[in-house]
Number of protein chains: 2
Amino acid sequence: MVNEHQHTCSASSSSKSDGSSSGSESSKDSSRCSTPVLDADRHERLREKMRRRQDSGDKWFSLEFFPPRTANAAVNLISRFDRMGAGGPLFIDVTWHPAGDPGSDKETSSMIIANTAVNYCGLETILHMTCCNQTKDEITGHLQKAKRLGLKNIMALRGDPIGEEWEEEVDGFNYAVDLVKHIRNEFDDYFDICVAGYPKGHPEAESYEADLRHLKEKVLAGADFIITQLFFRSETFLKFMKDCQAIGITCPIIPGIFPIQGYHSLRQLVKLSKLEVPQEIKDVIEPIKDNDAAIRNYGVELAVSMCRELLDSGMVHGVHFYTLNREVATTEVLKRLGLWTEDPRRPLPWAVSAHPKRRVEDVRPIFWASRPKSYIYRTQEWDDFPNGRWGNSSSPAFGELKDYYLFYLKSKSPREELLKMWGEELTGEESVFEVFTCYITGEPNKNGHKVTCMPWNDDPLATETNLLKEQLEKVNRRGILTINSQPNINGKPSTDPIVGWGPSGGYVFQKAYLEFFASSEIVTALLKVLKKYELRVNYHIVNVKGQNITNAPDLQPNAVTWGIFPGREIIQPTVVDPVSFLFWKDEAFALWIEQWGKLYEEESPSRMIIQYIHDNYYLVNLVDNDFPLENCLWQVVDDTFELLN
Amino acid sequence: MVNEHQHTCSASSSSKSDGSSSGSESSKDSSRCSTPVLDADRHERLREKMRRRQDSGDKWFSLEFFPPRTANAAVNLISRFDRMGAGGPLFIDVTWHPAGDPGSDKETSSMIIANTAVNYCGLETILHMTCCNQTKDEITGHLQKAKRLGLKNIMALRGDPIGEEWEEEVDGFNYAVDLVKHIRNEFDDYFDICVAGYPKGHPEAESYEADLRHLKEKVLAGADFIITQLFFRSETFLKFMKDCQAIGITCPIIPGIFPIQGYHSLRQLVKLSKLEVPQEIKDVIEPIKDNDAAIRNYGVELAVSMCRELLDSGMVHGVHFYTLNREVATTEVLKRLGLWTEDPRRPLPWAVSAHPKRRVEDVRPIFWASRPKSYIYRTQEWDDFPNGRWGNSSSPAFGELKDYYLFYLKSKSPREELLKMWGEELTGEESVFEVFTCYITGEPNKNGHKVTCMPWNDDPLATETNLLKEQLEKVNRRGILTINSQPNINGKPSTDPIVGWGPSGGYVFQKAYLEFFASSEIVTALLKVLKKYELRVNYHIVNVKGQNITNAPDLQPNAVTWGIFPGREIIQPTVVDPVSFLFWKDEAFALWIEQWGKLYEEESPSRMIIQYIHDNYYLVNLVDNDFPLENCLWQVVDDTFELLN
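Scoring rules and cut-offs
Residues numbered from 1 in each chain as written. Chains lettered and ligands numbered in written order. Predicted model: local features only at pLDDT ≥ 70, side-chain atom pairs only at ≥ 80, totals over all residues. Heavy atoms only, no water. Pairing = 2+ DSSP bridges. Helix = DSSP H or I, 4+ residues; strand = E, 2+ residues; numbered from the N terminus. Expected span 1.5 Å × (residues − 1). Buried < 20%, exposed > 50% of the residue type's maximum accessible area, 1.4 Å probe, protein only. Core = buried A, V, L, I, M, F, W, Y, C linked by side-chain atoms within 4.5 Å. Contact = heavy atoms within 4.5 Å. Phe/Tyr/Trp six-rings, centres within 6.5 Å; stacked < 30°, edge-to-face > 60°. Lys NZ or Arg CZ within 6 Å of the ring centre and 35° of its normal. Domains from an automatic or database assignment. Buried area = accessible area lost by both parts, 1.4 Å probe. Salt bridge = Lys/Arg side-chain N within 4 Å of Asp/Glu carboxyl O. Polar contact = N/O pair within 3.5 Å; in protein donor to acceptor, adjacent residues only side chain to side chain.

1. Examining the sheet that holds strand β12 (residues 507-510) of chain A
All names here are of chain A.
Phase 1: Overall, mixed pairing links the five strands, which are arranged β9-β17-β16-β12-β11 in an open sheet. Every interior strand has two partners, whereas the edge strands, β9 (364-365) and β11 (489-493), have only one.
Phase 2: Where β11 meets β12, four bridges bridge the pair, whose relative direction is antiparallel. Within β12, the position partnered with Ile489 by the bridge is Gln510.

2. Details of helix α20 (residues 633-644) of chain B
Phase 1: Taking 1.5 Å of rise per residue, the twelve residues of α20 of chain B would be expected to cover 16 Å, and the 17 Å separating its terminal C-alpha atoms lies within 8% of that figure.
Phase 2: Among the residues of α20 of chain B, Leu633, Trp634, Val636, Val637, Asp639, Thr640 and Phe641 of chain B are the ones counted as buried.

3. Description of the nonpolar core
Phase 1: Counting residues in each nonpolar core, the largest one holds 176 residues, and the members touching the most others are Trp456, Trp592 and Trp596 of chain A together with Trp456, Trp592 and Trp596 of chain B.
Phase 2: Sequence-distant contacts of Trp456 of chain B, that is, excluding residues within four places in its chain, are made with Ser370, Arg371, Phe436, Ile483, Phe517, Trp584, Ala588, Leu591, Trp592 and Trp596 of chain B.
Phase 3: Of all hydrophobic cores here, the second largest spans 72 residues; its members include Ala117, Phe237, Val300 and Leu334 of chain A.

4. What to know about the packing of aromatic side chains
Phase 1: Applying the stated criterion across every chain, the model contains 67 aromatic pairs over all chains.
Phase 2: Ring centres of Phe517 of chain A and Trp592 of chain A lie 5.2 Å apart, and the angle between their planes is 70°; this geometry places the pair in the edge-to-face category. Of this pair, Phe517 of chain A sits in strand β13 (residues 512-518) while Trp592 of chain A sits in helix α18 (residues 578-596); the two residues are 75 residues apart in sequence, bridging distant segments of the chain. Judged on exposure class, the residue Phe517 of chain A and its partner Trp592 of chain A are both buried.
Phase 3: Here the aromatic rings of Phe627 of chain A and Tyr507 of chain B are separated by 5.2 Å at their centres, their planes lie at 70°, and the arrangement is edge-to-face. Of this pair, Phe627 of chain A sits in the loop between β18 (618-624) and α20 (633-644) while Tyr507 of chain B is found in strand β12 (residues 507-510), placing the two residues in two different chains.
Phase 4: Look at Phe627 of chain A and you get buried, because its relative accessible area is 1%.
Phase 5: The exposure class assigned to Tyr507 of chain B is buried, which follows from its relative accessible area of 13%.
Phase 6: A network of ring pairs unites the aromatic residues Phe367, Trp368, Tyr375, Trp382, Phe385, Trp390, Phe398, Phe581, Phe583 and Trp584 of chain A as a single cluster.
Phase 7: The positively charged end of Arg478 of chain A is found above the aromatic ring belonging to Phe641 of chain A, 4.0 Å away from the centroid.

5. A short note on the environment of Lys274 of chain A
All names here are of chain A.
Phase 1: By the element assignment, Lys274 lies in the loop between α8 (263-273) and α9 (279-285).
Phase 2: For Lys274, a relative accessible area of 56% corresponds to the exposed category.
Phase 3: Ignoring any residue separated from it by four or fewer positions in sequence, one finds Lys274 in contact with Pro203 and Glu204.

6. Let's talk about the domain arrangement of chain A
Residue and element names in this part refer to chain A.
Phase 1: When cut into domains, chain A gives domain 1 (52-337) and domain 2 (377-644).
Phase 2: The C-alpha centroid of domain 2 is placed 42 Å from the C-alpha centroid of domain 1.
Phase 3: Contacts between the two partners involve ten residues from domain 1, matched on the other side by seven residues from domain 2.
Phase 4: With both sides pooled, the region where domain 1 packs onto domain 2 buries about 700 Å², and carbon together with sulfur makes up 66% of that total.
Phase 5: It is Val75, Glu107 and Tyr120 in domain 1 that bury the most area against domain 2; as a group they hold 62% of the surface buried on that side.
Phase 6: Joining domain 1 to domain 2, the criterion identifies zero salt bridges.
Phase 7: At the surface where domain 1 touches domain 2, the tally comes to zero residue pairs in polar contact (both at pLDDT 80 or more).
Phase 8: Listing elements by their share of the side of domain 1 that touches domain 2, those giving two or more residues are α2 (71-85) and α3 (110-119).
Phase 9: Considering every element that reaches the side of domain 1 that touches domain 2, the biggest residue donor is α2, with five residues.

Shown next as C-alpha cells:
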C-alpha cells in the first residue's frame, strides 16, 4: 500500500524494507543514518564503502599486515590493530602464509589473525588466500571457515608455487583467476574479492600487455577491486592505471605503497617481488644504509611525496600501505598526508565488532566495559545479539572460561612487569589495597613502579573514570576495591569529548555505577546502609560460590547508559543485567587467581593472600537510579565506613 | 551454569526464564516489576490476580454487563466500559444471550462485546457461555473463536433449556459441569473457568445440599472460582460460603450483588431467577414503587450495607455487581465502599489492550494517540507487537479502512449534535478554522454550541494538550489545523499528574510534537522556514495522494516519548514512524469526508468545502529534537506566518 505513494524527497523511501540498502547513499553525512546509531559502515560491503568514499571525494587508506610467528607477537599485533585502527583505515588485510598453516585454529594463523581483526578489533578485514598447490576442497574449506568467522573479503592470489619447475595442473588452481571463479561459483556474491595488479607487469608474465589481459580476466571473473604490488614512482602507477582503463578495467585500482623503513627490509622485499629499485633511490640509500633513522626519514619523505602525487592526480582515492607490521613510518606518512583521522566520536560507548551477525548489536552488560574482547569471545556462539533492549527472557549462554589461556584474553604485559606493578611479595590485604589505589591515582607504588593495568583492566584508567578519581582513591585505600565505575550524566551533548557517543545533535545520559570487591565485613555494613537507599539504589552482591543478594525487581536489566538522538529511537547501549552478572562474577573472581595469584609460587604467602580474597570477598555492583540528582553512591560508601568505625 | 548458584534473597532468582512466573509474588508493590513497566496484571491469569489481591488484603470488585440490542447501544456500552473501567474493576463479564446469536460477528453479539472489552478497552473479561441445546462442535467452535479473539476466561453455565419439557441428552451438554469438563478436555488449562453458585440452592435442584454437591462437582471438574446468584441478605451468602467450605470447596466464592435500581427491573430479575424478595424489602419498596430516585437510593443503601457486612466478615475479598448495563447506582455503591479507585497513574501514555498477544506491546506511533481503538483495530492481525523498539525493518501491515463503518471507530455523538458543533452550513475554509479553534479554546461556536469532539478526536482536549492551548488557538485561527500535539518534557517525575506514566521513582521525557492540516500555500512557506531548522526539526508532509516530503533519515522512527525507571530498561512508548504515518494519513484524510463531509448533502457548498480541504491540504507533522531547550515549533509556525504576510 505504501508503495503506491509518490515521493518527492530523496531522503525518504517508499517501503520500510528498503532501509537496509540506504547506507549506500553518497553523502558522507548520510552514513550516520541507516541504523539506529551506528555508521552505515557496519552494514555496507567493502566495495560499497569504497564507492561511497570515492563519490564523496573523501580520501582513504588501508593497511596490510602479515601473521606473526609467536603467540606473544600475536598479542602485540592485536594491540597494534587497536592503535592503528584508531586512525581510521578503510580496511586492513592479512596475508596468507602457506608455511604457517594459514587456515588453522592456531593463534598465529592468517585465518585467526583476520578473525581477531574483524571480531575483536572491529576492523573491516580482507583475508588473503593463495590457491596454488591446494585442492578445491581445501580452498572451499578455508572459504567456508572464513565465512563462518565473519570474514567478508578475500584477496585472491595465486601464491608462489612450491618446487623449482612449476607446471599447470589440469582442473587445478593454476592462476588467481581460477580462485576468483571458484569463489563466485561456490559462494555467489557473498565475498568481496580483491586481486593483485602489477604496475610493471607480473615478473613471470610474457609481457606487460599480456599481464594486463590477465588482470582483466580476473576482474571479469568477479573481482571487485585491485590492489597493486609496490612501485617506486607515481608515474609507474598512473601509467598502469591508464593502461588498465584503456583495455576496459573499470573497477577501483588501489596503489600499494611501501614506505622504505630500512635497508635490509627493502632488499628482501625487492628480492621477493623481483622489482628493481630505481637508481635515484639507490643513490640516496647506499650512503646511509647503516643509519636506520635516516633511511626511515627518507622513506617517509618518499612515500609522502609519492602519495601526494597520486592523490593529486585525481585518479587515486585511496592508498594501501605495506606496513611490514610496523607502526611508526606508516603512521607518520598518514599523519603528514592528513589521512590519519582519529575520530574521538564513538558510535557506541563500547568497541563494536565487525562480524556481520553482530551488526545490529547495540546493548551489552556494563560488566565487560574494560574487557570487550572477552565479552565478544564469550558470546561468539550467540546467533542473535541484543538490539534495542537486552530483554527479560533471552537466556544468555556465555562461553565458559576453560579457554582462559586464549591469547586475546591475556594481559599484554609480561610476568616480570606485572610483578613490578602488583608486588613481588604481598604482605597482607593492605598491600592489595595499595595496588588498587596506585592504579587509580597513577602514582608509583612503594617500589617506584606505576600500576598501568589490573587483572580486570589491561589499560590505564579511562578518561571518564578520571572524573571520579578522588573518590575512588579514598575508597580503594580502605578496601573497597573498585574495578568498574561511571558517573551519572544528565543529558550531555553526544559530542562531549569524554562521555559523548553516537551521532551529533543528541544527548547522552548515565546512571552512576560502582562495582567493587570488598570483604564480608564491609558487605555486612553496606547492606545495613543500603536499607536507607532501598528505593534509590539497586544492588547485586555475590561471592565466588554464587551467594547472591539483590534488591533488583525480578530479573530485569537496568539501563545505565542511554542516548537520545534526532530522528531516532532511543539507544541504551549498557545495562546492568542480573543474570549476566553471575557469569561475569565467574570471570571477575577467576582473574584474581589466573592473572594475579599465579604470578606467585603455590603455597607462597602472596599467593595465599590472593586466594583468601578470591575465596572470601564479595563482588558488589551499585546503581543510583536517580540520575538527575547528585550521585549518592559515595554517600553510601561513606555511611558504610562510618558504620564500621 | 547459573543454576548452580545459591541465592539468599527471594527477590533474585536463579535463571532468567523464571522471570515469567514472578508476577505471582504476594506483595502489591511487586506487581509493578515483572515486565518492563506494566503491571504484572497484564501477564497474570485472572485466578492469579484474584489470589494476589486476596493475599495482599486488597479488596476488589467486578462488573457484569449484558450484550446490547442495537449498534448504537453497543457504542454507548463501550463508552461505559471505558468510564467504569477507570474505577478499576478486577474484571468485567458479558452474559451469553442465546437468542442474540451470541457467538457471531455481529457488533451486538456476546462474543464481539467481550472482544471489544478485552482488546479495545483493555479490561480483563469473562465471557459467559451456556451449553444446553448446543452440540459439542458448536461449543468448541465458540471456545476456539473466543481464544482467537484473546478471551481467556469463561463462565460456564447450563443456560435455560428451550421448550417446556427438558430432558437429558445422552452425550450432550446437560449441565454446566459437562461444559467445564469439555473446556478442560479440549483446551487444557488455557481458560480460567468460573461457575455459578446459588446461595439459596438452584431452583431446580432436589435440595440445597444436592445443589452444593453439584457445585463441588463443577469445581472438581476444573472450575477456578465461583460467582453467586444474587441474594438479599449477607447472612444468606455467608452461610452458603461456610457450607461450601464444609464440603471441601476451597476456591474463591464471589458474592453477586444486585443494587436495586427500580421496581420493574427488580420484579423481572426476581421472576427470572425464581428468587423471593424478603418481606422487609418489599415493605420498603411497595410504597415508593413509582419513585425511581427513591428506590435507587434505597437500593444503593441496601447494597452498601450488605457489601460492608460481607467485606467486614473477613470471608469476602471481592464483590461482583449485576449492573444491568447501568452506571449510576453501581458506581455510587463502589464509591461509598471506597472500592472505586481511579488511578491517575498510567502504565503507558496510551490505553493498553488486554489481548494476550499484545501483552509485550510497549511502542506505538503517536498518530493514533487520540484514536487508540482505531490503532488496535488496524493492527489486530499482527502476530507480533513492537516491544522495546519500533524497529526499522518491521513492515507494518495496517488493516485497510474499508471497515470504516465499524461501530467502535464511529463517533459517539449523533449526526444532529455533530452538525451543531461543526456547523449546519459552512461558508468557507474560515468556518472550518473556527471549528478547530472552538475545539481548542472550549468556547462556544457562533451558534452557541461547544465543540467537544472532532473527527480526529472523539473526546475533549487532553489535559496535556491544555498546556499548549494558547499557542494552539493562535495557529488554528490562521489555518494551521492541529489534530495532535505534545509539549517537550525534560525529565518530569513519572508520578506527574499530567504527563507522568509508568512506575513511580522514574522520569519521563518528550520531544515536542505538532501535527496539523494546512493549505499548500502555508506548506510552501513552511518548507522555506524549515530549512533554517534542518538539523533540529524533523518533518513529514504528505497530501492525500501520498506526495511525501520529509527530512527524516532513511525510514527511521523518531522516539518522542520515553521514560527512565529504577531498575529497568528504557521504555519509549511513542514514536513518529515515517512508514506508519502514510497509513495514518489515509485515515486522517478519510475522516474529513467520512465524519464531517458526509454530514452534508452531496454537492452542497458545505460538503464541497470539506472535499476541497481533503483534496488540497497537506498533513504535516513536526518534531523538535532538542527536548532540553524551549520548544521551537511555535517559532517555526510564527516564521511561516511572517513569511506569508
